[in-house]
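# Residue-level structural notes
Listed here are the chains, written in short residue letters.
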Amino acid sequence: HTMLGVANTIILLTSSYFMAKSMAYIRIDNKTKCETYLWFSVTCGGLYLLIKTWEFHWNQVQGLSASTNEFFTVYYYMTFNHFLHVGWAGCAILWVIFRTRAGAYSAKQHSNLEALAVYWHMIDLMWILIFPLLYVLR
């Protein structure tokens, strides 16, 4: 499903934008806006997971599994691995939202939030590599 891959690419790039905005707002000590953009980011992550789950289901209905051929072995390995990382990072964003509400982050102290932002961007970067390899060049 190339169109699902395109949709997920747009969703993940948008989530990275939202994560960058949340970092910009915590740096000026606007915790409310930071939290809002964190919610936008985790929502995009959830949307990605829903689309990818539907795609996995559709593939299964079509009889396409990891044992179908070498392409699908690589496809499932890479996309499921990415799926897990988006899920884990989404849970981490929820934790950071909770910690932001509790006052754990400020303009002077936000290194943990920044580490999560870097991790989130790395996950998106991996999708930027996966998408052309598995959805465009196949």
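This is a predicted model, so every value here is computed, not measured. (Residues numbered from 1 in each chain as written. Predicted model: local features only at pLDDT ≥ 70, side-chain atom pairs only at ≥ 80, totals over all residues. Heavy atoms only, no water.)

### Brief notes about the overall build of the protein chain
Scanning the protein chain for helices and strands turns up four helices and zero strands. Counting from the amino terminus, helix and strand elements in the protein chain follow one another as α-α-α-α. With respect to the three principal axes, the spread of C-alpha positions in the protein chain is 50 × 25 × 20 Å. When burial is assessed residue by residue, the protein chain has 40% of its 138 residues classed as buried. Long-range pairs, those at least 24 residues apart, make up 78% of the contacts in the protein chain between residues at least 6 apart in sequence. Per element, the accessible surface of the protein chain, about 7,600 Å² overall, is 69% carbon and sulfur. One finds the centroid of the 9 positive side-chain charges in the protein chain at a distance of 10 Å from the centroid of its 6 negative side-chain charges. (Helix = DSSP H or I, 4+ residues; strand = E, 2+ residues; numbered from the N terminus. Buried < 20%, exposed > 50% of the residue type's maximum accessible area, 1.4 Å probe, protein only. Contact = heavy atoms within 4.5 Å. Areas by Shrake-Rupley, 256 points an atom, 1.4 Å probe, with all protein chains shown as cover. Lys, Arg positive; Asp, Glu negative; His and termini not counted. Charge placed at Lys NZ, Arg CZ, Asp CG, Glu CD.)

### Focus on a nonpolar patch on the surface
Taken together, the side chains of Leu-13, Leu-125 and Ile-128 define a hydrophobic patch exposed on the protein surface, amounting to about 260 Å² of accessible area. With respect to the helices and strands, Ile-128 occurs in helix α4 (residues 111-136). (Patch = residues over 30% accessible without salt bridge, like charges linked within 9 Å, V, L, I, M, F, W, Y side chains within 5 Å. Salt bridge = Lys/Arg side-chain N within 4 Å of Asp/Glu carboxyl O.)

### Some remarks on the pattern of salt bridges
Two side chains carrying opposite charge are able to pair once their charged atoms lie near each other. This model, assessed by the stated rule, comprises three salt bridges. In this structure, Arg-27 engages Glu-114 in a salt bridge whose closest nitrogen and oxygen atoms are separated by 2.8 Å. One end of the pair, Arg-27, is in helix α1 (residues 2-27); the other, Glu-114, is in helix α4, with 87 residues separating them in the sequence. Judged by relative accessible area, which is 32%, Glu-114 ranks as partly exposed. A salt bridge links Glu-35 to Arg-101; its shortest N-O distance comes to 2.6 Å. With Glu-35 in helix α2 (residues 31-61) and Arg-101 in helix α3 (residues 70-101), this residue pair connects regions lying 66 residues apart in the sequence. Judged by relative accessible area, Glu-35 falls into the buried class, the value being 13%.

### Section: the confidence of the model for the protein chain
Of the residues in the protein chain, 99% have a pLDDT of 70 or more, and the chain-wide mean is 96. Here α4 stands out as the least confident element of the protein chain, with mean pLDDT 95; α2 is the most confident, with 97. (pLDDT = per-residue confidence, 0-100.)

### Some details on the nonpolar core
A general tendency of soluble globular proteins is for nonpolar side chains to be buried together. If you look at the biggest cluster of nonpolar residues, it comprises 36 residues, and the most contacted ones within it are Leu-38, Tyr-75, Ile-93, Leu-113 and Trp-127. Elements represented by at least two residues in this core include exactly α1, α2, α3 and α4. Dropping the residues within four chain positions of it, Tyr-75 is found in contact with Lys-52, Glu-55, Phe-56, Asn-59, Phe-80, Leu-134 and Tyr-135. (Core = buried A, V, L, I, M, F, W, Y, C linked by side-chain atoms within 4.5 Å.)

### Side note on the packing of aromatic side chains
Applying the stated criterion across every chain, the model contains 20 aromatic pairs. With a centroid separation of 5.9 Å and 45 degrees between ring planes, the pair formed by Phe-18 and Tyr-37 is classed as tilted. You can see Phe-18 sitting in helix α1 and its partner Tyr-37 sitting in helix α2, a full 19 residues away along the chain. The residues Phe-18 and Tyr-37 share a single accessibility class, namely buried. Measuring from ring centre to ring centre gives 5.9 Å for Phe-56 and Phe-83, while their planes differ by 55 degrees; the resulting arrangement is tilted. A residue pair is termed long-range when its members are at least 10 positions apart, and Phe-56 in helix α2 and Phe-83 in helix α3 qualify at 27 residues. Classification of Phe-56 by relative accessible area gives buried; the value is 13%. (Phe/Tyr/Trp six-rings, centres within 6.5 Å; stacked < 30°, edge-to-face > 60°.)

### A closer look at α2
Each full turn of the α-helix corresponds to 3.6 residues, which orients residues three or four apart in the same direction. The end-to-end C-alpha distance of α2, which contains 31 residues, comes to 45 Å, matching closely the 45 Å that a straight helix rising 1.5 Å per residue would cover. Directly beyond the C-terminal end of α2, a positive phi value near 85 degrees is found at Gly-63. (Expected span 1.5 Å × (residues − 1).)

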